[in-house]
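# Geometric and topological summary
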Amino acid sequence: MSQDFHMRTIARVRSDFSSKFGVPRQSGLVDALEAAVVFEPEYRNAAALRGLEGFSHVWLVWVFDQAVRESGEKSWSPTVRPPRLGGNARLGVFATRSPFRPNPIALSAVALTGIEETADLGPVLRIRGADLMDGTPILDIKPYIPYADCVPEALGGFAAEPPDREALTVEFPPELLERVPPERREALRGVLALDPRPRYQEDPRRVYGFCFAGLEVKFSVEGTVLRVRDVEEG
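Quick caveat, the model's predicted, so the values are computed rather than measured.

For the rest of this paragraph, the subject is the environment of Arg206. Relative to the helices and strands, Arg206 is located in the loop between helix 3 (182-193) and strand 10 (208-212). Counting along the chain gives 34 residues from Arg206 to Phe172, while the straight-line C-alpha distance between them is 17 Å. Each residue touching Arg206, except ones within four places of it in the same chain, is listed here: Gln201, Phe219 and Ser220.

Next up on the list: the nonpolar core. With 26 residues, the main nonpolar core has Phe172, Leu188, Leu192, Phe210, Leu226 and Val228 as its most contacted residues. Elements with a contribution of two residues or more to this core: helix 2 (174-177), helix 3, strand 10, strand 11 (215-222) and strand 12 (225-233). Element by element, the count of residues in this core is highest for helix 3, at 5 residues. Residues in contact with Leu192, not counting those within four places in the same chain, are Leu168, Val170, Phe172, Phe210, Phe219, Leu226 and Val228. Listed in part, the 22 residues of the second largest apolar core include Val13, Ala35, Leu52 and Leu112.

Within the structure shown, the criterion is met by 11 salt bridges. Note that Arg184 is salt-bridged to Asp16, the shortest N-O span being 2.8 Å. Here Arg184, found in helix 3, pairs with Asp16, found in the loop between strand 1 (11-14) and strand 2 (34-39); they are 168 residues apart in sequence, far enough to count as distant. Between Arg128 and Asp31 there is a salt bridge, and its shortest N-O distance comes to 3.1 Å. Of this pair, Arg128 sits in strand 7 (residues 122-128) while Asp31 is found in the loop between strand 1 and strand 2, placing the two residues 97 residues apart along the sequence.

Calculation criteria
Residue numbering note: each chain is counted from 1, following its sequence as written. Only residues with pLDDT of at least 70 are given local features in this predicted model, and only at 80 or more are side-chain atom pairs given and counted; all residues enter the totals for whole chains, interfaces and linings. Computation of side-chain values: all heavy atoms of the structure, hydrogens and water removed. Secondary structure elements follow DSSP: runs of H or I no shorter than four residues count as helices, runs of E no shorter than two count as strands, and numbering proceeds from the N terminus. Contact definition: two residues touch when any of their heavy atoms are within 4.5 Å. Nonpolar cores were defined as sets of buried Ala, Val, Leu, Ile, Met, Phe, Trp, Tyr and Cys residues, with membership established by side-chain atoms within 4.5 Å. Burial status follows relative accessibility: with a 1.4 Å probe on protein chains alone, a residue under 20% of its type maximum counts as buried, one over 50% as exposed, and anything between as partly exposed. Salt-bridge detection follows one rule: a side-chain nitrogen of Lys or Arg within 4 Å of a carboxyl oxygen of Asp or Glu.

Written out as structure tokens, the structure is:
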């Protein structure tokens, strides 16, 4: 028997990423990335968070709202081309974390650094290590329970090891780094070191750009060195 379920957005993420480009491909890869979870007015009730302060990490259940297929396209495909495999191999959608799924939902484990009670937004969760764009809808929040959620002997399939691309050496000219707020510099360096380029692009002549914390950061990559070319107001 087919069933449909109605989900409500309970909160939205406020992060430094205004577009998908540059967002880490998994949560926890850049611990210095700070973000906030701001509840929708209906859910700004501190009682709903009672006891959460005892947990160091939480699960965020969220929606791939920026990965909606064009009107008229098939709503889902049983196979996808994971960027991790260079886009050359097809795997079952349920063996990947592709955003193009029957139900475009995702799960991220993030560090909970605090719960701040604000006058205008109610309780706000301060988090670290999130892989989410600014404005991402949150469907649910659950505490991360180490004894149940950590499985040391788990197998990782085709993603058992970190990506083949090693962390890049980031060359950031001092005069450009000065344009970045001091409290954002470590996080930005971490994002750049992960190599934000699509997995299948290796052109050293190409200049890439993405928005971060209201800035447009432009860079190029040659070998294992990423060079920041410019930082402008976004």
